[in-house]
Amino acid sequence: MNLRLPALLCLAFFSLAHAEGERLTYTCDDGSRFDVAFSADSDGRPQASLRFAGRDVTLPQVVAASGASYRSGDVALHTKEEKALFSDGKSRLRSCMLADSAAATTQPAAPSAFVDIGGSITWHATSPLPPDAVLIVRVQDTARADTPALTLAEQRISLAGNPLPIPFKVTIDRDLIGKNAQITVAARIERKGKLLFISDSIHRAFSDGQPRQVDIGLVPVGGAKAP
């Protein structure tokens with residue numbers, strides 16, 4: 001399955017509702033405002049161009065099972081219909097609405113809807129990996145053993161020039177975590193669709209309801225060494 005399909009469908013939805021490049025204004029519960037335009041980069045990947053507090057920042061879209069999520073560093077935006085959750089990495093999470101929405105003037109306090117899952121990935125190889133190899137980290141709900149894991153969020157990291165261990169941080173929406181969910185982190189290294197390394201054990205993302213540091217060691221697939 002092409003994991004980019006949901007992202008492309010989200011972009012298609014925004015393109016139908018708003019002309020590409022059209023700037024939308026959101027009003028947040030703390031009185032602040034920001035403008036955003038949804039478009040695609042030169043490779044056709046969805047992105048959000050955000051303008052707030054005199055700053056301009058472009059946020060690539062990240063995988064989300066509900067709504068659409070965009071993130072760059074500590075700046076994160078999650079949109080769903082007329083609502084948005086926005087974090088600038090400095091102040092509390094803001095609950096926002098489109099400025100022309102009737103509900104925009106009556107915003108409740110924002111809940112802690114985003115949660116960051118972070119840690120590190122390492123592996124042992126006798127030679128360097130190819131520069132086009134990609135590390136893929138997925139936060140998944142593995143509650144049901146008889147069905148494939150549900151991917152809640154994904155991060156892809158280029159390995160070119162990055163020393164070990166590789167740090168990662170993936171953001172998920174708490175609304176996607178069901179009562180009986182079992183949230184785990186899985187990682188793999190691929191090159192042009194070929195699987196090279198994979199995590200072979202269960203790595204739980206939470207301990208006593210709070211996110212925990214997740215450190216994962218990968219093993220080569222089929223005993224193969226790095227090419």
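Scroll up for the structure.
Structural notes, computed from the coordinates.

Cut-off values and rules
Residues numbered from 1 in each chain as written. Predicted model: local features only at pLDDT ≥ 70, side-chain atom pairs only at ≥ 80, totals over all residues. Heavy atoms only, no water. Pairing = 2+ DSSP bridges. Helix = DSSP H or I, 4+ residues; strand = E, 2+ residues; numbered from the N terminus. Axes fitted to C-alpha atoms, helices over the stretch in contact; angles between N-to-C directions. Core = buried A, V, L, I, M, F, W, Y, C linked by side-chain atoms within 4.5 Å. Buried < 20%, exposed > 50% of the residue type's maximum accessible area, 1.4 Å probe, protein only. Contact = heavy atoms within 4.5 Å. Disulfide = S-S within 2.5 Å.

Turning our eyes to something else, we now look at the sheet that holds strand E1 (residues 24-28). Around the barrel, eight strands lie side by side as E1-E2-E3-E4-E5-E6-E7-E8; this closed barrel has antiparallel pairing. For this sheet the average axis-to-axis angle between neighbouring strands, irrespective of direction, equals 30°. Judged from the three bridges that link them, E1 and strand E8 (residues 94-98) form a sheet pairing that is antiparallel. Residue pairing across strands places Cys28 opposite Cys96, the latter belonging to E8.

We now examine the nonpolar core. Counting residues in each nonpolar core, the largest one holds 29 residues, and the members touching the most others are Ile121, Trp123, Leu135, Val185, Ile189 and Leu218. Taken together, the elements giving at least two residues each to this core come down to strand E9 (114-123), strand E10 (134-141), strand E11 (150-158), strand E12 (166-173), strand E13 (183-191), strand E14 (194-198) and strand E17 (214-220). The contact partners of Leu135, leaving out residues within four places of it in the chain, are Ile121, Gln155, Arg156, Ile157, Leu159, Ile166, Ala187, Arg188, Ile189 and Leu218. Of all hydrophobic cores here, the second largest spans 19 residues; its members include Leu50, Phe52, Cys96 and Leu98.

Relative to the helices and strands, Ser87 resides in strand E7 (residues 83-87). Apart from residues no more than four positions distant in its own chain, Ser87 is found in contact with Asp74, Val75, Ala76 and Leu93.

Let's shift gears to the state of the cysteines. Applying the stated rule across the entire model yields one disulfide. A sulfur-sulfur distance of 2.1 Å marks the disulfide that ties Cys28 to Cys96. Here Cys28 and Cys96 share a disulfide; its torsion about the S-S bond, 95°, makes the bridge right-handed. Of the two residues, Cys28 sits in strand E1 while Cys96 sits in strand E8, which places them 68 residues apart along the sequence. Of the two residues, Cys28 and Cys96, both sit in the buried class.

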